[in-house]
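Structural overview
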Amino acid sequence: MEALPDQLVWEVLYRIRNISDRNTTALLCKRFHQIERDQREYLRVGCGLSPANEALSALCMRFPNLAKVDIVYSGWMSKLGKQLDDEGLGILSQHCPALSDLTLSFCTFITDVGLGYLGSCTGLKALRLNFAPGITGCGILSLVVGCKNLSTLHLTRCLNVSSVEWLEYLGRLESLEDLAVNNCRAIGEGDLAKLGCGWRKLKRLQFEVDTNYRYMKVYGRFAVEKWQRQWVACESLEDLSLVNCLISPGRGLSCVLVKCQALQKLHLDMCVGVRDNDLIVLAQKCTKLKYLSLRIPSDFSVPILMSNPLRLTDESLKTIAQNCSELESVSISFSDGDFPNLSSFSLAGILSLIERCPIRVLVLDHVYSFNDSGMEALCSARYLDILELIQCQEVSDEGLQLVKHFPCLSIMRLARCLGVTDIGLKPLVGAHKLQLLKVEDCPQISEKGTKGAAKVVSYSQDHSWLY
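Predicted model, so just to flag it, every value in this text is computed and none were measured.

Our next topic: the overall build of the chain. Counting its regular elements, the chain contains 17 helices and 16 strands. Considering the chain as a whole, with its 467 residues, one finds that 50% of them fall into the buried category. Here the analysis covers contacts within the chain between residues at least 6 apart in sequence; of these, 75% occur between residues at least 24 apart. Only carbon and sulfur atoms are counted for the fraction: they give 52% of the accessible area of the chain, which is about 21,500 Å².

Below, the structure written as structure tokens:
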């Protein structure tokens with residue numbers, strides 16, 4: 001090894017990805033130690049830093065080319081020593097000139113002062129904050145003013161971020177491509193309008209409202225007009241995920257849904273107010289849609305203020321089937337299986353997707369309209385590779401036995417299905433049809449009945465959900 005040229009040794013060490021293996025290799029000789037030192041671009045630290053600031057300083061000095069740093073204090077307790085604080089972020093800004101990607105999780109000692117230090121990291125392109133109670137909107141603003149190349153910003157459970165001037169500033173920069181705001185209780189759907197021209201380059205948006213702390217923001221006339229005047233089309237948006245959002249006609253996120261053109265992934269989870277027309281217009285424009293996930297709220301989860309909600313029907317699914325010829329993954333779920341929304345999607349609507357789109361992944365959760373006839377229809381699904389049925393109680397052994405006729409199915413998951421037994425799995429035993437079978441909490445299927453039904457079988461049983 002000592003006789004090998006540096007370029008070849010560099011390539012050999014570069015292919016070693018396991019951290020412990022790299023650390024061991026670095027101890028073999030000074031040459032390997034130096035090359036590993038120069039190669040290290042990623043570092044993940046947390047509770048093991050003690051004392052935190054001094055240890056981080058030593059690591060930064062050893063690895064001067066760090067580009068990505070994750071600081072995670074999940075499971076931290078006071079007996080583990082003091083967490084990294086604002087001074088630690090100052091150390092990062094001083095000793096990591098190549099820093100471009102930073103994640104801070106459960107860093108409760110970090111405040112706006114620390115984010116101000118990061119403002120000097122002009123090369124920072126991605127910042128992720130997960131549960132940072134000491135951070136406010138002022139701290140984020142000071143960071144984005146300094147980091148003008150920031151293209152990814154994720155805020156999760158940042159409970160004290162109330163002002164959104166930083167969002168307006170990012171909108172003027174038009175550099176943001178990936179924005180996630182999850183369970184930040186003081187940021188509502190209407191605030192996203194302040195991104196303004198920043199919508200032009202945005203490729204991924206994830207927005208989740210914490211329903212435990214939701215306050216019904218009243219859309220003033222100015223806010224409504226601002227959304228309606230939003231002339232910047234979301235022409236670059238490829239991935240849209242909305243959770244627990246209120247979507248009202250002609251305002252807020254409803255304006256976004258009907259303007260997407262390049263959308264490939266759509267996830268709507270418990271979004272109240274979504275109309276057939278929203279999905280129909282979207283499907284007519286987003287012909288490249290590949291992933292669709294819908295979790296539909298029941299009537300019991302709809303706020304009183306939204307009486308007579310407009311339902312989603314088969315018309316939207318049929319339009320998607322007609323226009324989205326590249327759709328590969330579909331997930332449909334109803335929020336409450338005890339009180340299913342019977343007037344929503346029917347079997348015909350779901351099957352229209354199967355018949356006209358190259359569906360590879362199908363996940364149905366609490367979909368009571370899907371029965372043995374649906375399983376029979378899947379026998380002609382030429383591309384279906386993964387099937388998940390969760391609490392689909394209308395599927396019986398007769399329908400399950402048809403799985404052996406599915407052309408390409410290799411992975412199947414059955415969870416909390418009451419109508420299937422060992423008899424339904426019998427045709428699969430020894431047939432070498434499935435690569436993986438997962439059976440979870442199906443009371444009438446025994447572990448013995450799953451043996452030999454797939455190359456790999458995962459079985460678990462917990463009946464507590466029945467009570």
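Moving on from the coordinates now.
Here helix H12 (residues 314-323) crosses helix H13 (residues 347-356) at 5°, and the two axes come no closer than 8 Å. Taken together, the axes of H12 and H13 are roughly parallel relative to one another. Mapping the contact onto sequence places Asp314, Leu317, Lys318, Ile320, Ala321 and Gln322 in H12 and Ala348, Gly349, Ile350, Ser352, Leu353 and Arg356 in H13. For the contact of H12 with H13, a count of residues per class yields 6 nonpolar, 3 polar and 3 charged.

In this section: the pairing of strand S2 (residues 68-72). Counting buried positions along S2 yields 4 of 5 residues, so the element is predominantly enclosed. Handedness of the β-α-β unit built from strand S1 (residues 42-46), helix H4 (residues 52-62) and S2 comes out right-handed. The pairing of S2 with strand S3 (residues 101-105) spans 5 bridges and is classified as parallel. Within S3, the residue paired with Asp70 across the bridge is Thr103. Taken together, S2, helix H5 (residues 86-95) and S3 constitute a β-α-β crossover, and its handedness is right-handed.

For Asn53, the position within the fold is in helix H4. Residue Asn53 is classed as buried on the basis of its relative accessible area of 10%. A polar atom in the side chain of Asn53 sits 3.4 Å from the backbone nitrogen of Gly88. Aside from chain neighbours lying at most four places away, what touches Asn53 is Leu84, Asp85, Glu87, Gly88 and Ile91.

For the rest of this paragraph, the subject is the nonpolar core. Core analysis: the largest hydrophobic core is formed by 125 residues, its most contacted members being Trp166 and Met412. When residues of this core are assigned to their parent elements, the largest contribution, 5 residues, is made by H13. With residues up to four places along the chain from it excluded, the contact list for Met412 reads Leu387, Leu400, Val403, Leu425, Leu428, Leu434, Leu436, Leu437 and Lys438. Counting 5 residues, the second largest nonpolar core, distinct from the first, contains Val361, Val363, Ile386 and Ile390.

Before going further, it helps to examine the packing of aromatic side chains. Here the structure, examined in full by the defined rule, presents 2 aromatic pairs. With a centroid separation of 5.8 Å and 80° between ring planes, the pair formed by Trp76 and Phe109 is classed as edge-to-face. Placement of the pair is Trp76 in the loop between S2 and H5 and Phe109 in the loop between S3 and helix H6 (112-118), with a sequence separation of 33 residues. The partly exposed category is assigned to Phe109, whose relative accessible area is 33%. When the ring of Phe106 is compared with that of Phe131, the centres are 6.0 Å apart and the planes differ by 45°; the resulting orientation is tilted. Of the two residues, Phe106 sits in the loop between S3 and H6 while Phe131 sits in the loop between strand S4 (126-130) and helix H7 (137-146), which places them 25 residues apart along the sequence. Note that Lys265 overlies the ring of Tyr291, its terminal NZ or CZ placed 5.1 Å from the centroid.

All told, the structure shown has 11 salt bridges when counted by the stated rule. Close ionic contact of Asp178 with Arg204 constitutes a salt bridge, the shortest N to O distance being 3.0 Å. Here the residue Asp178 occupies a position in strand S6 (residues 178-182), and Arg204 occupies one in strand S7 (residues 204-208), the gap between them amounting to 26 residues. Since its relative accessible area comes to 14%, Asp178 is described here as buried. Of the charged contacts, one joins Arg413 and Glu388 as a salt bridge, the two residues approaching to 3.1 Å between their closest N and O atoms. In this pair, Arg413 is assigned in strand S14 (residues 411-415) and Glu388 in strand S13 (residues 386-390), connecting sequence segments 25 residues apart. Given the relative accessible area of 24%, Arg413 is considered partly exposed. Overall, the relative accessible area of 21% leaves Glu388 in the partly exposed class. Linked through salt bridges whose partners overlap, the residues forming this network are Asp178, Arg204 and Asp239.

Residues Leu418, Leu466 and Tyr467 make up a contiguous nonpolar surface patch of about 360 Å² in total accessible area. Assignment of secondary structure puts Leu466 in the segment after strand S16 (454-460). Look at Leu466 and you get partly exposed, because its relative accessible area is 37%.

Bringing the environment of Lys438 into the picture now. Structurally, Lys438 is set in strand S15 (residues 434-440). Judged by its relative accessible area of 34%, Lys438 is partly exposed. Apart from residues lying up to four places away in sequence, Lys438 is in contact with Met412, Arg413, Leu414 and Ser458.

When we look at burial in helix H8 (residues 165-173), the residues that qualify are Trp166, Leu167, Tyr169, Leu170 and Gly171. For H8, the elements touching its buried residues are H7, strand S5 (152-156) and S6. Remark: Glu174 follows H8 within two positions and exhibits a positive phi of approximately 55°.

Glancing now at the packing of helix H11 (residues 276-285) against H12. Between H11 and H12, the shortest axis-to-axis distance is 9 Å and the interhelical angle comes to 5°. One element, H11, and the other, H12, form an angle in the roughly parallel class. On H12, the residues touching Asp276, Leu279, Ile280, Ala283 and Gln284 of H11 are Glu315, Ser316, Thr319, Ile320 and Asn323. Across the contact of H11 with H12, the residue classes break down as 4 nonpolar, 4 polar and 2 charged.

Reading the values: rules and limits
- Chains are numbered independently. Their residues run from 1 in the order of the written sequence.
- Residues qualify for local features only when their pLDDT is at least 70, as the model is predicted, and side-chain atom pairs are given and counted only at 80 or more; totals for whole chains, interfaces and linings, by contrast, use all residues.
- Side-chain metrics in this entry use all non-hydrogen atoms of the structure; hydrogen atoms and water are not considered.
- Here a helix means four or more residues in a row that DSSP labels H or I, a strand means two or more in a row labelled E, and each is numbered from the N terminus.
- Residue exposure (1.4 Å probe, protein chains only): buried if accessible area is under 20% of the type maximum, exposed if over 50%, otherwise partly exposed.
- We call two residues in contact when some of their heavy atoms are within 4.5 Å.
- Here the accessible surface of atoms and residues is derived via Shrake-Rupley with a 1.4 Å probe, and residues count as covered only by protein chains that are part of the display.
- Note on definitions: angles span 0 to 180 degrees between N-to-C directions of axes, and those axes are lines fitted to C-alpha atoms, for helices only across the stretch in contact.
- Each angle is binned into one of four classes, with values under 35 degrees roughly parallel, values over 145 roughly antiparallel, values of 65 to 115 roughly perpendicular, and all other values oblique.
- Note that Gly is not counted as nonpolar here; it falls among the polar residues with everything else outside the nonpolar set of Ala, Val, Leu, Ile, Met, Phe, Trp, Tyr, Cys and Pro and the charged set of Asp, Glu, Lys and Arg.
- By convention, orient the strands away from the viewer: a clockwise path from the first strand over the helix to the second makes the crossover right-handed.
- Pairs of strands are assigned from DSSP output, requiring at least two bridges between the strands.
- Here a polar contact means two N or O atoms within 3.5 Å. Within protein one must be a hydrogen donor candidate and the other an acceptor candidate, and residues neighboring in sequence count only if both atoms are side-chain atoms.
- Note on terminology: a nonpolar core comprises buried Ala, Val, Leu, Ile, Met, Phe, Trp, Tyr and Cys residues joined through side-chain atoms within 4.5 Å.
- Within 6.5 Å between ring centres, the rings of Phe, Tyr and Trp (the latter by its six-membered ring) count as paired, and their orientation is classed by plane angle as stacked under 30 degrees, edge-to-face over 60, tilted in between.
- Only lysine NZ and arginine CZ atoms are considered, and such an atom sits over a ring when it is within 6 Å of the ring centre and within 35 degrees of the ring normal.
- Should a side-chain nitrogen of Lys or Arg be within 4 Å of a carboxyl oxygen of Asp or Glu, the pair is scored as a salt bridge.
- For patches, a residue must show more than 30% relative accessible area and have no salt bridge; joins then use 9 Å for like charges and 5 Å for nonpolar side chains, namely Val, Leu, Ile, Met, Phe, Trp and Tyr.

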